[in-house]
Amino acid sequence: VLDAMPLGILVTSAEHRALYINSKFYDLTGYSHEDLKDVPNADRVLQRNVLGENDKLRSAFVNQSEYRGEHRYRRKDESLIYCRIYVRPMLSNGTLLQRMTTIENITDEVLTRDTLLRQTSMYTNLLNTVPGFITHFEIRSKRSGQCVATQLQRLHQRLKRGDRSY
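Computed from a predicted structure; not experimentally measured.

Things to note about the overall build of the chain
So, step 1. Within the chain one finds 6 helices and 6 strands.
So, step 2. Starting at the N terminus and walking to the C terminus, you meet the elements of the chain as β-β-α-α-α-β-α-β-β-β-α-α.
So, step 3. The buried share of the chain, reckoned over its 166 residues, is 35%.
So, step 4. As displayed, the chain offers around 10300 Å² of accessible surface, 49% of which is attributable to carbon and sulfur atoms.

Dropping the structure here:
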């Protein structure tokens, strides 16, 4: 069941040894089973490849606390992906037994969100410059084909009502 999940899963012992790694984790990180099977600090492979601010992630491993965050991640082949990481310690009477870490590839989501923000800004500036010039536009997700411009549609409706307080 865990191998069929769209998330990479790494379960480590209190001593940071890998107890379970699903195939999606290998796919997302670029590491192989041989790379991680005898690594004494398997979860640290994940930590050191997270780019940018990762003090809270490191703190979760040290303090045995939960963590959720989005990060850029450098795969073994040096390519970059955006990922959502979730760390959950499994405790018994305050003692750490195991830690489950999941990693999800959100590269498409982040790139679509960034594109939408850039396009929203561009269209908002255009609407402010030439009111009434644009009567209809859509931004569609390349992946799903669905319209993702709900904020822009609300802006257009406000303009039609004469409301320029956005």
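A closer look at the sheet that holds strand E3 (residues 50-51)
So, step 1. A sheet is described by the order of its strands in space; here 6 strands give the open sequence E2-E1-E6-E5-E4-E3, paired in antiparallel fashion. Strands at the two margins of the open sheet, each flanked by one partner only, are strand E2 (18-21) and E3.
So, step 2. The pairing of E3 with strand E4 (residues 67-74) spans 2 bridges and is antiparallel. Across the sheet, the residue bridging to Val-50 is Tyr-73, located in E4.

Details of the pairing of E2
So, step 1. One ladder, built from 3 bridges, connects strand E1 (residues 8-13) with E2; its direction is antiparallel. Counted as the bridge partner of Thr-12 is Ala-18 from E2.
So, step 2. Where E1 hands over to E2, the hairpin turn is made up of 4 residues, of which His-16 adopts a positive phi near 75 degrees.

Describing helix H4 (residues 55-63)
So, step 1. Listing the buried residues of H4 in full gives Leu-57, Ala-60 and Phe-61. With its buried residues spanning 95 degrees around the axis, H4 presents them on a single face. In this structure, H4 carries Asp-55, Lys-56 and Val-62 as exposed residues pointing more than 90 degrees from its buried face.
So, step 2. Lining the buried residues of H4 we find helix H3 (42-48), E3, E4, strand E5 (80-92) and strand E6 (95-105).
So, step 3. Taken from the residues just after H4, Gln-64 is the one with a positive phi, measuring 55 degrees.

Considering the side chain of His-71
So, step 1. Assignment of secondary structure puts His-71 in strand E4.
So, step 2. Take His-71: its relative accessible area is 7%, and that puts it in the buried class.
So, step 3. Side chain to side chain, His-71 and Tyr-67 meet in a polar contact 2.5 Å long.
So, step 4. Those residues within four positions of His-71 in sequence are excluded, and the remaining contacts are Val-50, Leu-51, Glu-53, Asn-54, Ile-81, Tyr-82, Cys-83 and Ile-85.

A few points about the pattern of salt bridges
So, step 1. By the definition in use, this model includes 8 salt bridges.
So, step 2. When the shortest N-O distance is used, the salt bridge between Arg-88 and Glu-66 registers 2.5 Å. Placement of the pair is Arg-88 in strand E5 and Glu-66 in the loop between H4 and E4, with a sequence separation of 22 residues.
So, step 3. A relative accessible area of 38% places Arg-88 in the partly exposed class.
So, step 4. Via salt bridges that share partners, Glu-70, Arg-84, Glu-104, Glu-109 and Arg-113 belong to a single interconnected network.

Considerations on the environment of Thr-29
So, step 1. Locating Thr-29 in the fold gives a position in helix H1 (residues 23-29).
So, step 2. For Thr-29, a relative accessible area of 0% puts it in the buried group.
So, step 3. Look past the residues within four positions of Thr-29 in its chain and what remains in contact with it is Tyr-73, Arg-75 and Lys-76.
So, step 4. Among the polar contacts listed, one links the side chain of Thr-29 to the backbone oxygen of Phe-25, at a separation of 2.9 Å.
So, step 5. Of note is the side chain of Thr-29, whose polar atom sits 3.3 Å from the backbone nitrogen of Tyr-31.

So, the nonpolar core
So, step 1. One finds Phe-25, Leu-36, Leu-57, Tyr-73, Ile-85 and Ile-103 to be the most contacted residues of the largest nonpolar core, which totals 21 residues.
So, step 2. Elements with a contribution of two residues or more to this core: H1, H3, H4, E4 and E5.
So, step 3. The dominant element in this core, judged by the number of residues it contributes, is E5, at 4 residues.
So, step 4. Apart from residues lying up to four places away in sequence, Ile-103 is in contact with Leu-7, Gly-8, Phe-25, Leu-28, Leu-46, Tyr-73, Cys-83, Arg-84 and Ile-85.

About the criteria used
For every chain, the first residue of the written sequence is number 1, and numbering continues from 1 onward in sequence order. This being a predicted model, a pLDDT of at least 70 is required before a residue's local features are given, and a value of 80 or more before pairs of side-chain atoms are given or counted; all residues contribute to the totals for chains, interfaces and linings. Hydrogens and water are ignored here; the side-chain numbers use all heavy atoms of the structure. Helix and strand definitions follow DSSP, with helices as H or I runs of at least four residues and strands as E runs of at least two, each counted in order from the N terminus. Burial here depends on accessible area, computed with a 1.4 Å probe over protein chains only, as a share of the maximum for the residue type. Under 20% is buried, over 50% is exposed, and the range in between is partly exposed. For every accessible area listed, the method is Shrake-Rupley and the probe measures 1.4 Å; residues are considered covered only by the protein chains on display. Pairing between strands is defined by DSSP: at least two bridges between the two strands are required. Within this analysis, the arc is defined by the directions that extend from the helix axis to the C-beta atoms. The contact rule is simple, with two residues in contact once any of their heavy atoms fall within 4.5 Å. Within 3.5 Å is the distance limit for a polar contact, defined as a pair of N or O atoms, with the added protein rule that one can donate a hydrogen and the other accept it, and that residues adjacent in sequence qualify only through two side-chain atoms. Any Lys or Arg side-chain nitrogen located within 4 Å of an Asp or Glu carboxyl oxygen qualifies as a salt bridge. Residues belong to one nonpolar core when they are buried, are Ala, Val, Leu, Ile, Met, Phe, Trp, Tyr or Cys, and are joined through side-chain atoms within 4.5 Å.

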